[in-house]
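Here are the chains, one letter per residue:
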Amino acid sequence: MVLFDVKGNCSGEKYDTGNFRNEENERLEKALLMAFDPYTNEEIMELLKEQFQVDMLSQGQVKEYYRFPVMCLLRIKESIDTWEKHSGSDGYFDFIEGCMGREITGKDMNFSIMGSGVLDM
């Protein structure tokens, strides 16, 4: 669903993902978008405006901006597919738990962004 959101931001088209949306994947969708999407996370939009001194849309930089986040999302999907094939339906979750499980505490989703060098294009 996040990839459809990004595609919509780039093309201006809207995609109906309502048949696939439920409470859990909607929360995940928002969490992923909050990590990089300036149309979802106002802090990112403000940083972009500061860095480029203009609205990104007027510069035609939207597709370029999304290039790396989309590459990362596709890589994560490949990893999920690999770990599910290797270890079953919870394989990816088991893998992630082993990598960063100790770092995650509580039930709140906190979003953060780095303030310098992150948005260089």
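Now for a quick tour of the structure.

Definitions and limits used
- Every chain is numbered independently, its residues counted from 1 as its sequence is written.
- Confidence filtering applies because this is a predicted model: local features only for residues at pLDDT of at least 70, side-chain atom pairs given and counted only at 80 or more, and all residues used for totals across whole chains, interfaces and linings.
- In computing side-chain properties, one takes all heavy atoms of the structure into account and sets aside hydrogens as well as water.
- The numbering of helices and of strands both runs from the N terminus, where a helix is a DSSP run of H or I of at least 4 residues and a strand a run of E of at least 2.
- In this analysis, the expected span of each helix is defined as 1.5 Å times one less than the number of residues it contains.
- Only protein chains enter the accessibility calculation, which uses a 1.4 Å probe. A residue is then buried if its area is under 20% of the maximum for its type, exposed if over 50%, and partly exposed in between.
- The contact criterion used throughout is that any non-hydrogen atoms of two residues lie within 4.5 Å.
- What is meant by a nonpolar core is a set of buried Ala, Val, Leu, Ile, Met, Phe, Trp, Tyr and Cys residues, joined one to another through side-chain atoms within 4.5 Å.
- Ring pairs are drawn from Phe, Tyr and Trp, using the six-membered ring of Trp, whenever the two centres fall within 6.5 Å, and their geometry is named by plane angle: stacked under 30 degrees, edge-to-face over 60, tilted for the rest.
- Either the NZ atom of lysine or the CZ atom of arginine qualifies as a charge over a ring when it sits within 6 Å of the ring centre and within 35 degrees of the ring normal.

1. Re helix H4 (residues 62–87)
In this model H4 runs 37 Å from its N-terminal to its C-terminal C-alpha over 26 residues, within 8% of the 38 Å that 1.5 Å per residue would give. Listed in full, the buried residues belonging to H4 are Val62, Tyr65, Tyr66, Pro69, Leu73 and Ser79. In this fold, the buried residues of H4 make contact with helix H1 (2–11), helix H2 (23–36), helix H3 (42–52) and helix H5 (91–100). Looking at the residues trailing H4, positive phi occurs at Gly88, about 90°.

2. Quick notes on the nonpolar core
Within the largest apolar cluster, ten residues are counted, these being Val2, Val6, Leu33, Phe36, Ile44, Leu48, Val62, Tyr65, Tyr66 and Leu73. Elements with a minimum of two residues in this core: H1, H2, H3 and H4. Per element, the largest residue contribution to this core is four residues, and it comes from H4.

3. Focus on the packing of aromatic side chains
Using the criterion set out here, one finds five aromatic pairs in the structure. A ring pair is formed by Trp83 and Phe95, whose centres lie 4.5 Å apart and whose planes are at 15°; its orientation type is stacked. Pair noted here: Trp83 is in helix H4 and Phe95 is in helix H5, with a separation of twelve residues, a long-range link. The structure contains a cluster of three or more aromatic residues connected by ring pairs, namely Phe36, Tyr65 and Tyr66. Between Arg67 and the ring centre of Phe68, over which it is positioned, the NZ or CZ distance is 4.5 Å.

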